[in-house]
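Observations on the model geometry
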Amino acid sequence: MCRNIKPLFNFDPPATDDEVHDAALQFVRKVSGTTKPSKRNEVAFERAVSSIAACARELLDSLETSQPPRDREEVAAKARARSAVRFA
């Protein structure tokens, strides 16, 4: 799985449409093997990103949990700390 795709469920505030779109874009890039499609494939590439973003939004909106929402800043700080240890 692409390392740039981050979990988007159960955060306060909830994931934005831009975050969902960015995750869909990373997924399509990974599956297609290209970061920028050729002119010939541009329409199919964008259609796939839009379709996956819509499915991801539908999934996020329908998921339920009994856990309290996670704090974005706290999760980001933990990720930065892990990265600092890993690349120090």
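Rules used throughout
- Residues numbered from 1 in each chain as written.
- Predicted model: local features only at pLDDT ≥ 70, side-chain atom pairs only at ≥ 80, totals over all residues.
- Heavy atoms only, no water.
- Core = buried A, V, L, I, M, F, W, Y, C linked by side-chain atoms within 4.5 Å.
- Buried < 20%, exposed > 50% of the residue type's maximum accessible area, 1.4 Å probe, protein only.
- Helix = DSSP H or I, 4+ residues; strand = E, 2+ residues; numbered from the N terminus.
- Contact = heavy atoms within 4.5 Å.
- 1 Å grid on protein atoms, 1.4 Å probe; cavity = no way out; pocket = protein on both sides within 12 Å on 5 of 7 lines; lining within 4 Å.
- Points joined across faces, edges and corners; volume = space filled by probe spheres on them.
- Axes fitted to C-alpha atoms, helices over the stretch in contact; angles between N-to-C directions.
- Parallel < 35°, antiparallel > 145°, perpendicular 65-115°, else oblique.
- Left-handed = near helix turned anticlockwise from the far one by under 90°.
- Nonpolar A, V, L, I, M, F, W, Y, C, P; charged D, E, K, R; others polar.
- Phe/Tyr/Trp six-rings, centres within 6.5 Å; stacked < 30°, edge-to-face > 60°.
- Lys NZ or Arg CZ within 6 Å of the ring centre and 35° of its normal.
- Polar contact = N/O pair within 3.5 Å; in protein donor to acceptor, adjacent residues only side chain to side chain.

An unreviewed UniProt entry lists the protein under the name DUF2277 domain-containing protein, from Rhizobium changzhiense.

**Overview of the nonpolar core**
The biggest cluster of nonpolar side chains holds 11 residues, and these are Leu-8, Ala-15, Val-20, Ala-23, Ala-24, Leu-25, Val-28, Phe-45, Val-49, Ala-53 and Leu-60. Counting residues per element, the ones that place at least two in this core are helix 1 (17–32) and helix 2 (42–62). With residues up to four places along the chain from it excluded, the contact list for Leu-60 reads Leu-8, Phe-9, Ala-15 and Val-20.

**Some points on the layout of surface pockets**
One number sums up the size of the second largest pocket: a volume of about 260 Å³. Taken together, 15 residues form the lining of the second largest pocket, with Ile-5, Leu-8, Ala-23, Ala-56 and Leu-59 sitting closest to its centre. Of all the secondary structure elements, the ones that give two or more residues to the lining of the second largest pocket are helix 1 and helix 2. For the lining of the second largest pocket, the element with the highest residue contribution is helix 2, accounting for 4 residues.

**A look at the packing of helix 1 against helix 2**
Running from N to C, helix 1 and helix 2 point in directions that differ by 130 degrees, and their axes come no closer than 8 Å. Judged on the interaxial angle alone, helix 2 and helix 1 are oblique. Judged by the sense of rotation from one axis to the other, the crossing of helix 1 with helix 2 is right-handed. Here Asp-17, Val-20, His-21, Ala-24, Leu-25, Phe-27, Val-28, Arg-29 and Ser-32 of helix 1 lie close against helix 2, whose contacting residues are Phe-45, Ala-48, Val-49, Ile-52, Ala-53, Ala-56, Arg-57 and Leu-60. When its residues are assigned to classes, the contact of helix 1 with helix 2 shows 12 nonpolar, 2 polar and 3 charged.

**So, the packing of aromatic side chains**
The relation between two aromatic rings is expressed through the spacing of the ring centres and the mutual angle of the planes. Counted by the stated rule, this structure contains 0 aromatic pairs. Directly above the ring of Phe-11 sits Arg-70, whose terminal nitrogen or CZ lies 4.3 Å from the centroid.

**A closer look at the side chain of Asn-10**
Residue position: Asn-10 is located in the segment before strand 1 (11–12). Among the polar contacts made by the side chain of Asn-10, one reaches the main-chain carbonyl oxygen of Pro-68 at a distance of 3.3 Å. Residues in contact with Asn-10, not counting those within four places in the same chain, are Thr-65, Gln-67, Pro-68, Pro-69 and Arg-70.

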